[in-house]
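As a plain string of letters, each chain reads:
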Amino acid sequence: MAELLTIPRDLLPGDGRFGSGPSRVRDAQLQALLAAQPGVLGTSHRQAPVKDVVRSVRDGLAAFYDLPDGYEVILGNGGASSFWDAAAFSLVERRAQHCSFGEFGSKFAAVTTAAPFLEESVVRTAEPGEVALPEAQEGVDVYAWPHNETSTGAMAPVVRVAGDDGALTVIDGTSAAGGLRLDPTQADVYYFSPQKSFGSDGGLWFALVSPAAIERIERIAASGRWIPPTLDLATALANSRQDQTLNTPAVATLVLMDAQVRWFNDNGGMAFATGRTDESARRIYRWADESSWAETFVTSHSNRSTVVATVDLRDPLESAEIRSHLKANGVVDIDPYRKLGRNQIRVGMFPAVDPDDVSALTGCIDWLVERLVT
Ligand SMILES: *Cc1c(COP(=O)(O)O)cnc(C)c1O
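For clarity, every value in this text was computed on a predicted model and none was experimentally measured.

This part is about the pattern of salt bridges. Scanning the entire structure with this criterion turns up 26 salt bridges. Note that Glu103 is salt-bridged to Lys339, the shortest N-O span being 2.8 Å. Here Glu103, found in helix H4 (residues 103-114), pairs with Lys339, found in the loop between helix H9 (319-328) and strand S12 (344-348); they are 236 residues apart in sequence, far enough to count as distant. When its relative accessible area of 57% is taken as the criterion, Lys339 is described as exposed.

Structure follows, in structure tokens:
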């Protein structure tokens, strides 16, 4: 490959991190970490200083989502992937229906499908870049799908299945939470990890749970089903109510998370956070739609994610080449999802990303194209 080009400094984004998770951490979050030394960091998670942080995150999320009466915020260790295992044990009574239109939806479907104590899962699929929607079906007691499929940049509506009142709606909000609007009454369980819109480190999961979900969790726990303690949502529920986790959490991650939730809420909550992602999305999709050598991967406008944009590049442009020039200039993590295997860039536009930085990114790519395509 030829020498890497130096992009003029005034074209570069203020912050060159566009990852889809882990994602950009704001300086103010690191200031919060410094402020937590020595009062919080390095102290017991069973004592008030850490429990106060957990309480603040739980209250902050309840405020951000304007949670209805009876809904609770619970948390535990292991991230969204562990939550899939916990959900198979503690939420699915007999049979789950999954919508699978990318890597993450398919992974959760694989978990319940392989669980020997459940009936075989129903999996509704769609091609990458499209979305599959749930359909009422007898015998199904959990409907599960991702709000935002991070691997493809397709987002799906979160609306309960009509005509199946006893079933739970269980939504993977990992890359959506914080950056996409949600009516929490449309889900029984909305779970996510902190390393996407919340700009924190990974390793924890959070979930908004409805009264029906709590009833299900407690009923399955009482049923005698064997559940490993770290995957038992009844245990997570009991600990969360005391602002604790079963085993030791990453305290620094909780502090980073708390700082981000406060930033959202202090500036207008969901309207503020989603206003930023909407604006970033407007800019990148307009750029891709107007460009003769780029094309938005997700064709349906309503399914184009406003937090993770996927843009195909046309010959003779090569994503790998563009990315290596950008990387040499400090602009990183716009690699496509590897298993998708497309000549594509994937841009994380979580609320911490300034929409002006998205414009700067597209400007940098235009600048490179002028020099690389002759
Ligand atoms: C990142 C991601 C996950 C996995 O999260 P972990 O915290 O790494 O387990 C699951 N689902 C979606 C939609 C994601 O974007």
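In this section: the pairing of strand S8 (residues 189-192). Of the two faces of S8, both are covered, the one formed by Val189 and Tyr191 as well as the one formed by Tyr190 and Phe192. Here strand S7 (residues 168-172) runs beside S8; their pairing, made up of three bridges, is parallel. Its bridge partner being in S8, Ile171 is matched across the sheet by Tyr190. Where S8 and strand S9 (residues 204-209) come together, four bridges link them in antiparallel fashion. Pairing of Val189 across the sheet is with Val209, part of S9.

Moving on to the packing of helix H8 (residues 270-290) against helix H10 (residues 355-372). Relative placement of two packed helices is described by the angle separating their axes and the distance separating the axes. Closest axis-to-axis distance for the H8/H10 pair is 8 Å, and the angle between their directions is 15 degrees. Regarding the angle of H8 to H10, the classification is roughly parallel. Crossing geometry of H8 relative to H10 is assigned as right-handed. Mapping the contact onto sequence places Arg276, Glu279, Ser280, Arg283, Ile284 and Trp287 in H8 and Pro355, Asp356, Val358, Ser359, Thr362, Ile365 and Asp366 in H10. Across the contact of H8 with H10, the residue classes tally to five nonpolar, three polar and five charged.

Bringing the sheet that holds S7 into the picture now. Overall, mixed pairing links the seven strands, which are arranged S1-S9-S8-S7-S4-S2-S3 in an open sheet. Edge positions in the sheet fall to strand S1 (72-77) and strand S3 (122-125), since each of these pairs with one other strand and no more. When the angles between neighbouring strand axes are averaged without regard to direction, this sheet yields 20 degrees. Along the sheet face, helix H7 (residues 251-266) touches S1, S8 and S9 and points at about 50 degrees away from the line of S9.

In this section: the side chain of Thr174. Counting through the fold element by element, Thr174 comes out in the loop between S7 and S8. Not counting chain neighbours up to four residues away, the residues in contact with Thr174 comprise Ala80, Tyr191, Phe192, Ser193 and Lys196.

Turning our eyes to something else, we now look at the side chain of Asp357. As for its position among the elements, Asp357 is in helix H10. What makes Asp357 buried here is its relative accessible area of 10%. One polar contact links the side chain of Asp357 to the main-chain amide nitrogen of Asp15, over a distance of 3.2 Å. Once you skip the residues sitting within four places of it in the chain, Asp357 turns out to touch Pro13, Gly14, Asp15, Phe18 and Arg24.

About the cut-offs
Residue numbers restart at each chain and count upward from 1, following the sequence in its written direction. Reporting in this predicted model follows two pLDDT cut-offs: at least 70 for local features of residues, and 80 or more for side-chain atom pairs to be given and counted; totals over whole chains, interfaces and linings ignore these cut-offs and use all residues. Water and hydrogen atoms were dropped before computing side-chain values, which therefore reflect all heavy atoms in the structure. Only one rule defines a salt bridge in this text: a Lys or Arg side-chain nitrogen within 4 Å of an Asp or Glu carboxyl oxygen. Labels follow the DSSP assignment, with helices taken as runs of H or I lasting at least four residues and strands as runs of E lasting at least two, numbered in each case from the N terminus. Exposure categories follow from relative accessible area, calculated using a 1.4 Å probe and restricted to protein chains: below 20% of the type maximum is buried, above 50% is exposed, and the middle band is partly exposed. Strand pairing requires that DSSP identify at least two bridges connecting the strands. Every axis in this analysis is a line fitted to C-alpha atoms, fitted for helices over the stretch in contact. Angles between the N-to-C directions lie between 0 and 180 degrees. Geometric relationships in this document are graded by angle, where less than 35 degrees denotes roughly parallel, more than 145 denotes roughly antiparallel, 65 to 115 denotes roughly perpendicular, and other angles denote oblique. Each crossing gets its hand from how the near helix is turned against the far one by less than a right angle, where anticlockwise is left-handed and clockwise is right-handed. Residue contacts follow a heavy-atom distance rule, with two residues in contact if any of their heavy atoms lie within 4.5 Å. For this classification, Asp, Glu, Lys and Arg are treated as charged, while Ala, Val, Leu, Ile, Met, Phe, Trp, Tyr, Cys and Pro are nonpolar and the rest, including Gly, are polar. Two N or O atoms count as a polar contact when they lie within 3.5 Å, although within protein this holds only if one can serve as hydrogen donor and the other as acceptor, and sequence-adjacent residues are included solely when both atoms are side-chain atoms.

All we've got here are geometric facts, nothing functional implied.
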